[in-house]
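If you want the building blocks of each chain, they are given just below.
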Amino acid sequence: MENQTYMNGFLLLPFYATSNYIMPTICIFFLLYIFGVLINATIITVIYIDYQLHTPMYLFLCNLALIDICYTTITVPNLLYMLLSGDNTVSFIQCLTQMYFYFLADSSEIFLIFIMAYDRYVAVCDPLHYHTILNRKNCLVFASGTWISGCLNAFVFTIPVSHMSFCQSRTIHQFFCDAKALLNISCAGSEEFYTVLYMEILLYGTFPIMFCLTSYIKIIRVILQIKSKEGRKKAFSTCSSHLTVVIMYFLMAMSVYMMPPSEYSAVLEPIFTVLYSVVTPMINPLIYSLRNKDMKSALRRLLGGKQSFEQ
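Residues numbered from 1 in each chain as written. Predicted model: local features only at pLDDT ≥ 70, side-chain atom pairs only at ≥ 80, totals over all residues. Heavy atoms only, no water.

Q: Please clarify how the overall build of the protein should be interpreted in this entry.
A: Secondary structure summary: the protein contains 11 helices and three strands in total. Beginning at the N terminus, the succession of helices and strands in the protein can be written as α-β-α-α-β-α-α-α-β-α-α-α-α-α. In the protein, which comprises 311 residues, the share counted as buried stands at 47%. Here the contacts in the protein between residues at least 6 apart in sequence split such that 80% fall between residues at least 24 apart. Carbon and sulfur atoms form 68% of the exposed surface of the protein, whose accessible area is close to 16400 Å². (Helix = DSSP H or I, 4+ residues; strand = E, 2+ residues; numbered from the N terminus. Buried < 20%, exposed > 50% of the residue type's maximum accessible area, 1.4 Å probe, protein only. Contact = heavy atoms within 4.5 Å. Areas by Shrake-Rupley, 256 points an atom, 1.4 Å probe, with all protein chains shown as cover.)

What follows is the structure in structure tokens.
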């Protein structure tokens with residue numbers, strides 16, 4: 001059967017049930033989006049202005065905030081447009097484009113979490129060589145590699161989806177073009193996608209998790225060997241924020257993409273997807289801001305008009 005998707009596109013079916021819930025949903029997502037963008041933009045601004053934060057850890061944190069802005073911008077504005085206009089249709093090209101940029105942000109964040117784990121490992125386990133290993137040149141390479149790897153991986157992931165056929169249904173039970181939702185309505189061509197998916201699970205799932213786990217086991221061992229109670233507290237505080245973000249990110253990702261099919265999937269999947277793609281990017285900078293003394297001090301200096309511009 002000829003694939004008619006190129007002409008008809010898809011019909012996105014978000015999670016609201018009746019028109020009575022549209023306005024509350026619009027208000028909630030609008031506030032989440034604005035709050036998330038503002039807080040991540042504040043993190044970027046504070047790091048850029050305050051010279052004391054011009055270190056490798058905060059360079060990576062600045063990239064994380066930018067990725068989190070991209071995460072919500074890729075999905076939420078289009079959702080708000082659908083809710084306001086009532087037009088839930090999206091063309092095949094628009095769907096692939098949204099999926100590509102979503103994968104770009106997702107892949108970049110995984111790679112960046114991996115780099116940030118390495119940064120904390122070197123800071124705690126090899127502090128004497130920290131500025132040698134993570135010098136300006138290497139940090140720029142790591143930061144650039146984060147975005148380049150995201151672009152390439154998104155391309156690799158999107159190509160198999162473009163080869164799928166959607167013969168029977170064109171209704172996506174999600175609030176954006178998600179690969180898992182498209183896979184559920186495909187009638188042919190999913191074999192190539194599954195091949196790429198298994199490679200992704202290994203390269204962007206198993207390997208980063210094992211590396212982060214190994215790094216933090218070694219970090220905890222080193223911290224426990226520090227005799228000073230204040231020294232242990234300071235060392236742990238530099239890692240606890242990143243560890244919290246790592247745990248939260250991978251738990252949310254597994255909740256979305258490894259949830260077994262059930263009668264509640266139609267309800268639970270959109271909820272976990274919202275937590276993963278909208279709420280988590282908003283919470284990330286809060287975790288770093290509230291648990292990081294340097295960041296809180298920089299915020300106070302910025303609000304008090306005492307920015308650090310000294311070179």
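Q: Would you mind going over the packing of aromatic side chains with me for this structure?
A: How two aromatic rings sit relative to each other is set out by the distance from centre to centre and by the angle between their planes. Within this structure, the stated rule accounts for 14 aromatic pairs. Ring geometry for Phe103 and Phe157: centres 4.2 Å apart, planes at 20°, overall stacked. Of this pair, Phe103 sits in helix α4 (residues 92-125) while Phe157 is found in helix α6 (residues 136-162), placing the two residues 54 residues apart along the sequence. In this structure, Phe103 and Phe157 share a single accessibility class: buried. Arranged with centres 5.1 Å apart and planes meeting at 65°, the rings of Phe175 and Phe176 form a pair that is edge-to-face. Taken together through their ring pairs, the aromatic side chains of Phe29, Tyr71, Tyr102, Phe175, Phe176, Tyr249, Phe250 and Tyr276 make up a single cluster. (Phe/Tyr/Trp six-rings, centres within 6.5 Å; stacked < 30°, edge-to-face > 60°.)

Q: Looking at this model, I keep getting lost on the pattern of salt bridges. Mind explaining?
A: Pairing between side chains becomes possible if they bear opposite charge and their charged atoms approach one another. As enumerated under the stated definition, the model contains one salt bridge in all. Residues Asp119 and Arg120 are paired through a salt bridge, measuring 2.7 Å at the closest nitrogen-oxygen approach. (Salt bridge = Lys/Arg side-chain N within 4 Å of Asp/Glu carboxyl O.)

Q: Where do I start with the environment of Leu183 in this structure?
A: Its place among the elements puts Leu183 in helix α7 (residues 179-185). By relative accessible area, which is 16% here, Leu183 ends up buried. Sequence separation between Leu183 and Ser165 is 18 residues, and the spatial gap between their C-alpha atoms is 9.7 Å. In this view, Leu183 contacts Met164, Ser190, Phe193 and Tyr194; residues no more than four positions away in its chain are not counted.

Q: Is there a simple way to think about the sheet that holds strand β3 (residues 171-172) in this case?
A: In a beta sheet, neighbouring strands are held together by backbone hydrogen bonds and run either parallel or antiparallel to one another. Taken in spatial order, the three strands make up an open sheet running β2-β1-β3, and their pairing is mixed. The open sheet terminates on both sides in strands that have one partner only, identified here as β2 (89-90) and β3. Where strand β1 (residues 10-12) lies against β2, two bridges are found, and the strand directions are antiparallel. By the bridge assignment, Leu11 is partnered in β2 with Thr89. (Pairing = 2+ DSSP bridges.)

Q: What am I meant to see in the environment of Ala298 here?
A: Residue placement: Ala298 occurs in helix α11 (residues 293-303). The spatial distance from the C-alpha of Ala298 to the C-alpha of Ile47 is 8.1 Å, given a sequence separation of 251 residues. The contacts of Ala298, once residues within four sequence positions are left out, are Val46, Asp50 and Leu53.

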